[in-house]
Amino acid sequence: MDTQTNCAKIQRPYFYSLDTFRGIAALLVAYMHVQIYGIYWAKAWYCVDFFFILSGFILQYKYFCPVMPDDKSFLHKFVSHRIARLYPLHIAVLFLILLEWLWVGYVPPLNQGRGTVPFDLLQSVFMIQGMGFSLGNNPVNPSSWSIGTEFWANILFACLFIQKGFFIRISIAFLAYLFLVNSCGTIDVTGFPALYFISTGFLRTIGVFFLGTILYDIYAFIRSKWIPRLFFLSVCELASLASLILFAYITRNTNLYGIDVCYIILFCTAIIIFSFDSGILSYFFKKFKIYYIGYFSYSIYMIHYVLFWTLRDIFNIINPDKKSSFFLFTLILLFFSALIYYAFEKPAAKYYRNCISDITEFSSKGKAIMYRLISIFVISFFFFFIFIYKQSGLQ
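Residues numbered from 1 in each chain as written. Predicted model: local features only at pLDDT ≥ 70, side-chain atom pairs only at ≥ 80, totals over all residues. Heavy atoms only, no water.

Draft legend 1. Molecular detail of the overall build of the protein. Within the protein, the regular secondary structure consists of 15 helices and two strands. In the protein, 75% of the contacts between residues at least 6 apart in sequence involve partners at least 24 apart. Carbon together with sulfur atoms contributes 68% to the accessible area of the protein, which is approximately 19500 Å² in total. (Helix = DSSP H or I, 4+ residues; strand = E, 2+ residues; numbered from the N terminus. Contact = heavy atoms within 4.5 Å. Areas by Shrake-Rupley, 256 points an atom, 1.4 Å probe, with all protein chains shown as cover.)

Draft legend 2. Just the environment of F276, in detail. Counting through the fold element by element, F276 comes out in the loop between α10 (259-274) and α11 (280-287). Sequence separation of F276 and S17 is 259 residues, and the distance between their C-alpha atoms is 8.7 Å. Among all residues touching F276, those that are not within four sequence positions of it are Y219, I222, R223, W226, P228 and L233.

Draft legend 3. Spotlight on the packing of helix α3 (residues 46-63) against helix α8 (residues 200-225). One way to put it is that α3 packs onto α8 with a least axis distance of 7 Å and a crossing angle of 45°. In terms of their interaxial angle, α3 and α8 are classed as oblique. Handedness of the α3/α8 crossing: right-handed. Here V48, D49, F52, I53, S55, G56, F57, L59, Q60 and Y61 of α3 come into contact with α8, specifically with R204, T205, V208, F209, G212, T213, L215, Y216, D217 and Y219. (Axes fitted to C-alpha atoms, helices over the stretch in contact; angles between N-to-C directions. Parallel < 35°, antiparallel > 145°, perpendicular 65-115°, else oblique. Left-handed = near helix turned anticlockwise from the far one by under 90°.)

Draft legend 4. Structural view of the environment of Y292. On the secondary structure map, Y292 appears in helix α12 (residues 292-295). A residue is classified by how much of its surface remains accessible, and Y292, at 30% relative accessible area, is partly exposed. Once the C-alpha coordinates of Y292 and T20 are considered, the two residues, 272 residues apart in sequence, prove to be 7.0 Å apart. (Buried < 20%, exposed > 50% of the residue type's maximum accessible area, 1.4 Å probe, protein only.)

Draft legend 5. Spotlight on the packing of helix α2 (residues 16-34) against α3. One can describe the packing of α2 onto α3 by two numbers: an axis separation of 9 Å at closest approach and a directional angle of 150°. With respect to each other, α2 and α3 are oriented roughly antiparallel. Of the two elements, α2 crosses α3, and the hand of that crossing is left-handed. Contact residues: α2 offers L18, F21, R22, A25, A26, L28 and V29, while α3 offers C47, F50, F51, L54 and F57. Classifying every residue of the contact of α2 with α3 by side-chain character gives 11 nonpolar, no polar and one charged. (Nonpolar A, V, L, I, M, F, W, Y, C, P; charged D, E, K, R; others polar.)

Draft legend 6. Structural context of the pattern of salt bridges. Scanning the model with the defined rule gives five salt bridges in all. The closest approach of N and O atoms between R204 and D49, which form a salt bridge, is 2.8 Å. Of this pair, R204 sits in helix α8 while D49 is found in helix α3, placing the two residues 155 residues apart along the sequence. Note on R204: relative accessible area 3%, which makes it buried. A salt bridge links D313 to R312; the nearest nitrogen and oxygen atoms lie 2.8 Å apart. Residue classification places D313 among the partly exposed positions, given a relative accessible area of 37%. What makes R312 partly exposed here is its relative accessible area of 31%. (Salt bridge = Lys/Arg side-chain N within 4 Å of Asp/Glu carboxyl O.)

Draft legend 7. The environment of L238, seen in detail. You can see L238 is positioned in helix α9 (residues 230-250). Since its relative accessible area comes to 46%, L238 is described here as partly exposed. It is 8.3 Å that separates the C-alpha atoms of L238 and I280, two residues lying 42 residues apart in sequence. Apart from residues no more than four positions distant in its own chain, L238 is found in contact with I280 and L281.

Draft legend 8. Region of interest: the packing of aromatic side chains. Per the counting criterion, the structure on display carries 41 aromatic pairs. Both rings, one in F15 and one in Y219, keep their centres 5.7 Å apart while their planes meet at 75°; by these two values the pair is edge-to-face. Taken as a pair, F15 in the loop between α1 (3-8) and α2 and Y219 in helix α8 lie far apart in primary sequence, 204 residues in all. For the pair formed by F15 and Y219, the shared burial category is buried. Each ring, one from F308 and one from F329, has its centre 6.0 Å from the other, and the planes form 90°; the classification is edge-to-face. Placement of F308 in helix α13 (residues 297-313) and of F329 in helix α14 (residues 323-361) is noted, with a sequence separation of 21 residues between them. Residue class for F308 comes out buried when judged on its relative accessible area of 5%. (Phe/Tyr/Trp six-rings, centres within 6.5 Å; stacked < 30°, edge-to-face > 60°.)

Draft legend 9. A look at a positive patch on the surface. A surface patch of like charges, here positive, comprises K62, K77, K350 and R353. Inspection of the secondary structure puts K77 in helix α4 (residues 73-104). Residue K77 is classed as partly exposed on the basis of its relative accessible area of 43%. (Patch = residues over 30% accessible without salt bridge, like charges linked within 9 Å, V, L, I, M, F, W, Y side chains within 5 Å. Lys, Arg positive; Asp, Glu negative; His and termini not counted. Charge placed at Lys NZ, Arg CZ, Asp CG, Glu CD.)

Draft legend 10. Representation of α2. In this model, α2 (19 residues) spans 28 Å end to end at C-alpha, consistent with the 27 Å of a helix rising 1.5 Å per residue. A large share of α2 lies buried, amounting to 14 of its 19 residues. Of the residues trailing α2, Q35 is marked for its positive phi of about 50°. (Expected span 1.5 Å × (residues − 1).)

Draft legend 11. How the structure looks around α13. With 17 residues, α13 should reach 24 Å at 1.5 Å per residue; the first-to-last C-alpha distance of 24 Å fits that figure. Bending of α13 peaks at approximately 50° at the position of I303. Burial runs high along α13: 15 of the 17 residues are buried. (Bend = angle between axes of the 7 residues up to and from the residue.)

The following block contains the structure:
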């Protein structure tokens, strides 16, 4: 499959429908974590697989199509963009969680060996949470394990496989799943050791991420040969969405063997169908600008825990046993996610890209930025560990 040739034949689209589903998936994960009034989908953790597949799909489209990069500056550009995209909000939420702990007087566990808060905090700073260095899956921000595994899967992809072909990436995804099934008997697993030191979550990420890159190759091949009609795509979109909803309903209280594979197949099918953005549902998403929720999806995913804790423990305006709290939490979450996206996430990503460029060039401005960052980390860690030391006497 000649992906470069296929990509050159098609226009560079924007995937509005996929953005819409990314935002909806982030909300489903948030509802599962906070569990207000029992209104949540118990198997929303499968949405994380959807995120990883979509990440591979979009990165393959954005950076490797239509021309495979071969210049040395590409790797620097790719890594700096991924750091700027993921790191600022990740670190900001980390500090918000620590501030929330200080406010409510929460004392983190300190005497349980590997996997305690100080060690998890250190992992979070270096984006290695969820990679297998802790027993279990207990980062400071529980939902952030996938951010660490996705980041390193991205880097692995860029460093080692940018020139590799379609069937090489199929083999990588297959081997990752093979190791998972061999170690755990399933591909739906996170936070346990596999291959002695690599977490199952990282293998899971590699498998679905590379599957996503393959999906884009398939999409580019189909799009270069044939553009489906409105009626055909509308039927496919409705059938795909109905299949997902029906399967989620049927399996909501079951743990049948192979259910994880079925979800991944359904996700892949939906991504291929909705990537054309030409059916009746896609028209609806674009007409009413529902895709905007996809812009806020990363903020939704990262802040929902700390926002829920704050609203429940500090302001006492969220009661998990009240139905009204579900709708109130949804409105507050969407509002703050949009605010954070426009006021912090986008500006911070742009600032970080410029900072990384200055640092790697080691200009005088870059040196000053590097010294500031080091100072911030040193001072922050000093005060945090003083807090940990003082609070340890209370346990």
